[in-house]
Amino acid sequence: MASSESKQDMKADARRVTTSGDIEVSTYLEIAKKIGGEQPTVAKEAVGGAERETIVVLDFGSQYSLLITRRIRECQVYCELVPYDTPWEKIALLKPKGFILSGGPASVYQPGAPLAPAYIYESHLPVLGICYGMQAITKQLGGQVTAGTKQEYGHAILHLSEPDSPLLAGLDDALPVWMSHGDKIEAMPPGFRALAYTENSPVAVMGNEEGIYGLQFHPEVAHTPQGKAILKNFAYRICGCQGNWTIGNLISESLSRIKERVGKGKVISALSGGVDSAVVATLIYQAIGDQLTCIYVNNGLLRREEVERTFKVFRENLGMNIIYVDANERFLKRLEGVIDPEMKRKVIGEEFIRVFEEEANKIGKVDFLAQGTLYPDVIESAASGSTASAKIKTHHNVGGLPAKMRLSLIEPLRYLFKDEVRQVGLELGMPEEMVWRQPFPGPGLAIRIIGEVTNEKLELLRSADFIVMNEIKKAKLYNQLWQTFAVLTDVKSVGVMGDYRTYGYLVAIRAVTSEDAMTADWARLPYDVLARISSRIVNEAPGINRVVYDITSKPPSTIEWE
């Protein structure tokens, strides 16, 4: 580290940040903490008596951006993903200990390419650039990025040049990494050193003495086996985090926030039967007790025996006031003629809100609506407003909400992943049969029917889906899979049954493994299980004469078909 005298010299020569995001340099100099003043002071968030540690990930549009957030949280450090152009005023409230710049599809030398905001460097906090993030650092701090003569996609072997670097501490001298880039670092910024290389990338890792590092590969994906160790090194050795973000602390913090926000008001909570809404209801009930009323809506888009089984589990285990609403005909009426999947989600999301508002009127004055919205829902709906990320699909409880709502939303799980939600549920003492239930989409079977939703199609799908789930459970595979379900396509094909020609629907079976639903792999189900599923469906679900198995991973597909 530089002496206090040299720091003063550096501060006097602090670089000017241009409006394009480039920094004019001849040599690498330290940036003043904040040109013209200190950083704004924000309130501390107590986590078990200590200040919450936060690492902020700036999203440049990579398909892996959310995985970075997840990996940092697995190190027991709170992490949040924000658009790359988020203003400092919002970032300051998170009280960051460091920044990570994600990958992205752009090239930094193209006109209008997104770059890191000036405060990233002015803050004097540690920075880690991943792939495009590394190239942004290079351009902005005076290096050079060019198009590579060879692209590098897939596995590569990383060789450490400086294994004593705090970022690479404890790693093997040579390790497999996952590359996904076409550009390369032609010249590092002044003051940076190459810390590791691959056959195709002489500068695969770089860093300087001020805590700014760059990785050309993706440490967040499973294809980089020691990637989590690199991210943990950044969080602990470079950012100085202690790892105080635990589920117990999260619950205590959430209970306090709910109590403070609700006060003496009343809350209604939407119960869908899934773990997300059940955890939300349990969490809020522990915070405010009988100020909460749960509403279970039968929208006619649920699976066979779903209503009876779910309502029974809720009554027996949650011990709170639950109102049942039969809105079967109402939802199906709204879905008449609707084919577009985005419109289905919006129609269902809006109708849910209208049902809750009507039920709230019957109860009396109600102030809040609680929902089980999760972090992946928010990101896939592009609710963050990032200009670098594409909207994958609207989730009915995010982008599908009506513009005008009388009730204020409470979403205590909004920044959690599914596995974190399950940990919260177990910590709250919820029964395992509720916590480990496979996810079921809020729009229900409507997005597992391709085309218009009708009663006839719903009954066909219920029959097929019931068989799939029954056989998966009989084979003791249920807890090994993230999701398993049937999809009723709008394709019909010719078949023969009992010497007669048939013209029936094609059903697709989907089974995937995943950690958080952001990525997923198709499950290698045993052939005999698939055979039993197929045989039962064509024999027990009249109107279906062909069964196929979906062997596509996410990406490029999503888990649900719509």
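What counts and how
- Residues numbered from 1 in each chain as written.
- Predicted model: local features only at pLDDT ≥ 70, side-chain atom pairs only at ≥ 80, totals over all residues.
- Heavy atoms only, no water.
- Helix = DSSP H or I, 4+ residues; strand = E, 2+ residues; numbered from the N terminus.
- Buried < 20%, exposed > 50% of the residue type's maximum accessible area, 1.4 Å probe, protein only.
- Contact = heavy atoms within 4.5 Å.
- Areas by Shrake-Rupley, 256 points an atom, 1.4 Å probe, with all protein chains shown as cover.
- Core = buried A, V, L, I, M, F, W, Y, C linked by side-chain atoms within 4.5 Å.
- Axes fitted to C-alpha atoms, helices over the stretch in contact; angles between N-to-C directions.
- Parallel < 35°, antiparallel > 145°, perpendicular 65-115°, else oblique.
- Left-handed = near helix turned anticlockwise from the far one by under 90°.
- Disulfide = S-S within 2.5 Å.
- Pairing = 2+ DSSP bridges.
- Right-handed = clockwise from strand over helix to strand, strands pointing away.
- pLDDT = per-residue confidence, 0-100.
- Phe/Tyr/Trp six-rings, centres within 6.5 Å; stacked < 30°, edge-to-face > 60°.
- Polar contact = N/O pair within 3.5 Å; in protein donor to acceptor, adjacent residues only side chain to side chain.
- Expected span 1.5 Å × (residues − 1).
- Salt bridge = Lys/Arg side-chain N within 4 Å of Asp/Glu carboxyl O.

### Focus on the overall build of the protein chain
Right, so step 1: Helix and strand counts for the protein chain stand at 16 helices and 20 strands.
Right, so step 2: Split into buried and exposed, the 562 residues of the protein chain put 57% on the buried side.
Right, so step 3: Sequence separation of at least 24 residues holds for 74% of the intrachain contacts in the protein chain that already meet a minimum separation of 6.
Right, so step 4: Counting every atom, the protein chain has about 24100 Å² of accessible surface; 50% of that belongs to carbon and sulfur.

### Quick notes on the nonpolar core
Right, so step 1: Formed by 93 residues in total, the largest nonpolar core has its most connected members in V297, L525 and I537.
Right, so step 2: Here the element with the most residues in this core is helix α8 (residues 275-288); it accounts for nine residues.
Right, so step 3: Those residues within four positions of I537 in sequence are excluded, and the remaining contacts are A464, I467, V468, V507, I509, I544 and V547.
Right, so step 4: Counting residues in hydrophobic clusters, the runner-up holds 38 residues, among them L128, L167, L195 and F234.

### Remarks on the packing of helix α15 (residues 455-474) against helix α16 (residues 527-540)
Right, so step 1: Packing of α15 against α16 brings their axes to within 9 Å, and their N-to-C directions diverge by 150°. Considering the angle they form, α15 stands roughly antiparallel to α16. α16 is crossed by α15, and the crossing has right-handed handedness. Residue-level inspection shows A464, I467, V468, N470, E471 and I472 of α15 in contact with α16, the latter providing V529, R532, I533, R536, I537 and E540.

### Comments concerning the state of the cysteines
Right, so step 1: A complete count under the given rule lists zero disulfides for this structure.
Right, so step 2: Cysteine C75 remains unbridged, with the sulfur of C241 as its closest cysteine sulfur at 9.4 Å.
Right, so step 3: On the accessibility criterion, C75 (4% relative accessible area) is buried.

### Some thoughts on the pairing of strand β13 (residues 292-298)
Right, so step 1: Counting buried positions along β13 yields seven of seven residues, so the element is predominantly enclosed.
Right, so step 2: Across five bridges, strand β12 (residues 267-271) lies against β13 in parallel orientation. Considered in β13, the bridge of I268 is made with T293.
Right, so step 3: Viewed along the sheet, the connection from β12 through α8 into β13 turns out right-handed.
Right, so step 4: Note: β13 against strand β14 (residues 322-326), five bridges, orientation parallel. For I295, the partnering residue across the bridge sits in β14 and is I323.
Right, so step 5: Note that the unit made of β13, helix α9 (residues 306-318) and β14 has a crossover that is right-handed.

### Topic: the confidence of the model for the protein chain
Right, so step 1: When pLDDT is averaged along the protein chain, the result is 84, and 85% of the positions lie at 70 or above.
Right, so step 2: Residue range residues 1-49 is modelled with pLDDT below 50. Its contacts to residues more than four positions away, or to other chains, number 81 contacts.
Right, so step 3: For residues 382-402, every residue scores under 50 in pLDDT, and the model assigns this stretch 69 contacts once sequence neighbours within four places are set aside.

### Digging into the sheet that holds strand β15 (residues 368-370)
Right, so step 1: With respect to topology, five strands assemble into an open sheet ordered β14-β13-β12-β15-β16, the strand pairing being parallel. Each edge of the sheet is formed by a strand with only one pairing partner; in this case those strands are β14 and β16 (408-410). Within the sheet, the average angular offset between the axes of one strand and its neighbour, ignoring direction, is 30°.
Right, so step 2: By the bridge criterion, three bridges tie β15 to β16 in an arrangement that is parallel. Counted as the bridge partner of L369 is L409 from β16.
Right, so step 3: The sheet strands contacting α8 are β12, β13, β15 and β16, and the helix crosses β12 at an angle near 155°.
Right, so step 4: Strands β12, β13 and β14 of the sheet are contacted by α9, whose axis makes an angle of about 165° with β13.

### Some details on helix α13 (residues 418-427)
Right, so step 1: All buried positions along α13 are accounted for by K418, E420, V421, R422, V424 and G425.
Right, so step 2: For α13, the secondary structure elements touched by its buried residues are α2 (65-74), α7 (247-262), α8 and α14 (432-435).
Right, so step 3: G429 lies just past α13 and shows a positive phi near 85°.

### Remarks on the packing of aromatic side chains
Given two aromatic rings, their pairing is described by the distance between the two centres and the angle made by the two planes.
Right, so step 1: Scanning all chains against the criterion turns up nine aromatic pairs.
Right, so step 2: Taking 5.3 Å as the distance between ring centres and 50° as the angle between the ring planes, the aromatic pair formed by W88 and Y119 counts as tilted. Pair noted here: W88 is in helix α3 (residues 88-93) and Y119 is in helix α4 (residues 118-122), with a separation of 31 residues, a long-range link.
Right, so step 3: Judged by relative accessible area, W88 falls into the buried class, the value being 8%.

### Side note on the side chain of T489
Right, so step 1: Mapped onto the secondary structure, T489 falls in strand β17 (residues 483-497).
Right, so step 2: Separated by 3.1 Å, the side chain of T489 and the backbone nitrogen of V491 make a polar contact.
Right, so step 3: A distance of 2.8 Å separates the side chain of T489 from the backbone oxygen of L506, its partner in a polar contact.

### Quick word on helix α6 (residues 227-238)
Right, so step 1: Along its 12 residues, α6 runs 16 Å from first to last C-alpha, staying within 8% of the 16 Å computed at 1.5 Å per residue.
Right, so step 2: The complete set of buried residues in α6 reads G227, I230, L231, N233, F234, A235 and I238.
Right, so step 3: Buried residues belonging to α6 abut β3 (54-59), α2, β5 (96-101), β6 (127-130) and β11 (212-215).
Right, so step 4: Positive backbone phi, approximately 80°, marks G240, located one or two places after α6.

### Details of the pattern of salt bridges
Right, so step 1: One pass over the full model with this rule turns up 34 salt bridges.
Right, so step 2: In this structure, the salt-bridge partner of E306 is R303, at a minimum N-O distance of 2.9 Å.
Right, so step 3: The class of E306 is buried, set by a relative accessible area of 1%.
Right, so step 4: One salt-bridge network, in which partners are shared between bridges, spans R70, R71, E74, K228, D419 and E515.

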